[in-house]
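Geometric and topological summary
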Amino acid sequence: MNTRDYQDLDRAHHLHPFTDFKALGEEGSRIVTHAEGIYIHDSEGNRILDAMAGLWCVNLGYGREELVEAATAQLRELPYYNNFFKTTHPPAIKLAEKLVQLAPAHMNRVFFTGSGSEANDTVLRMVRRYWALEGKPDKQWIIARENAYHGSTVAGLSLGGMAPMHGQGGPTVPKIAHVRQPYWFGEGRGMQGGGSDPDSFGRECAAALEAEILALGEENVAAFIAEPVQGAGGAIIPPASYWPAVKEVLARYDILLVVDEVICGFGRLGEWFGSVHYDLKPDLMPIAKGLSSGYLPIGGVLVGDRVAETLIEEGGEFFHGFTYSGHPVCAAVALKNLELMQAEGIVERVRDDVGPYLAERWATLAEHPLVGEARSLGLIGALELVGDKATGARFPKSLGVGTLCRDICFETGLVMRSVGDTMIISPPLVIRRAEVDELVRLARQALDETARRLAAGSAVDDRPYLEETRS
Ligand SMILES: *Cc1c(COP(=O)(O)O)cnc(C)c1O
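Residues numbered from 1 in each chain as written. Predicted model: local features only at pLDDT ≥ 70, side-chain atom pairs only at ≥ 80, totals over all residues. Heavy atoms only, no water.

As a further point, take the sheet that holds strand S15 (residues 422-425). Taken together, four strands build an open sheet; the order of strands is S11-S12-S15-S14 and the sheet is antiparallel. The open sheet terminates on both sides in strands that have one partner only, identified here as strand S11 (371-377) and strand S14 (417-419). With direction set aside, neighbouring strand axes in the sheet form an average angle of 20 degrees. Where strand S12 (residues 380-385) and S15 come together, four bridges link them in antiparallel fashion. For Ala382, the partnering residue across the bridge sits in S15 and is Ile424. Where helix H15 (residues 346-363) meets the sheet, its contacts fall on S11, S12 and S15, and the angle it forms with S11 comes to roughly 175 degrees. Its contacts with the sheet place helix H16 (residues 401-412) against S12, S14 and S15, and it is angled at close to 175 degrees to S14. (Pairing = 2+ DSSP bridges. Helix = DSSP H or I, 4+ residues; strand = E, 2+ residues; numbered from the N terminus. Axes fitted to C-alpha atoms, helices over the stretch in contact; angles between N-to-C directions. Contact = heavy atoms within 4.5 Å.)

Given below as structure tokens:
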């Protein structure tokens, strides 16, 4: 089969996730056929540097034979058995032990799921169940953040703060509130009352959380959920003041902290968990993605002692779980993935070597005329594309500059994702320095080409695309 054959069949039968079906049908999909290291290959023979590690998950890179062997061996030994009805199997037990060794000291239990969304469904049920068992059944509200991503099941999208998702398929799960996100470039600068600098803005966002707690009444609030660094929202690294101020707020009230580690967990920020980087003490940590480097689907919730002890001692049966909770083959691959990360010192390498190196190289892109801000932490990064470098004003939405740049990246041989006009990266954690150089070179080339096409476009229809400011 050639590319056209694949595209025709794809168009005829396959509804893709997060996709405008009709538009994709007209355009045709890119067919990814194989991959190695940090590169994917398509059916047209292009080799493309995957600066998104698939969907933030292929942390050990493609083509790791050890993971293939772990899966194969487990498939032969025991391809499936469940963890219901007082049964389990060695891979689930060993993975639970390994996770608890890596997690903060007060987290000694894990509940397995098949994905990050299922992990957040589990979180929702666990926190409400916890408070009911504590004799506080009114503590049901969960405070989340605007533009957060917590998955695409009904609970996941309800906890998430993605307006377009809320606009489809509602009503969402009741008793979930959303507060302002700590997005300085997108919302802080120049905002009414937004403060004059990132740190005062960060403190204002924490104050907004406190105001929401007071408005709902502490006696009604079960938990606050947040990603350490927002991923899908645009690789949003909060101002340095934000997490310390949030910690201060939470310390004043008896509310559980849920830190969604689906992206930040397993080394992305240069620690095993984003919670360690920001010194948070979460009660619950949903995990997935990098847990298995994406080789097989698996997620879970790491549960702190406070919640676990109540669920265990007071709870009776917890009526929740999935057919594939702790699937033996997925668990075996996840375990091998974590063992390899430890043996190869991947997390330390991100923290001490390749993370700082990326930061230095990535920052050079801030000089580009299209770039209003270049930020990174560990191996996550973003570029804010702007129409006016002096004021930081955005291009008009209608120009779709982020999408244009993303498409040009693909043509250039680079996967960089766009969120509006924010370009984001989250490369495999095994990326080497020379590959970082290549990534930055390709990104600069794509930015140059984007600028060239924008200039050509404006010359044709004389569109005043520099006028409109951020919305
Ligand atoms: C991807 C993601 C999820 C959802 O995980 P799935 O495996 O796609 O269900 C949840 N939270 C965060 C922070 C994510 O990035």
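Let us now look at the site of the ligand. Neighbouring residues of the ligand: Ser115, Gly116, Ser117, Asn120, Tyr149, His150, Gly151, Glu227, Asp260, Val262, Ile263 and Lys289. Residue Gly116 places a main-chain N or O atom 2.9 Å away from an oxygen atom belonging to the ligand. In the environment of the ligand, an oxygen atom lies 2.5 Å from a nitrogen or oxygen atom belonging to the side chain of Ser117. Bound to the protein, the ligand loses 83% of the 380 Å² it would expose on its own. Classifying every residue of the shell around the ligand gives three nonpolar, six polar and three charged. (Near = heavy atom within 4 Å. Polar contact = N/O pair within 3.5 Å; in protein donor to acceptor, adjacent residues only side chain to side chain. Areas by Shrake-Rupley, 256 points an atom, 1.4 Å probe, with all protein chains shown as cover. Nonpolar A, V, L, I, M, F, W, Y, C, P; charged D, E, K, R; others polar.)

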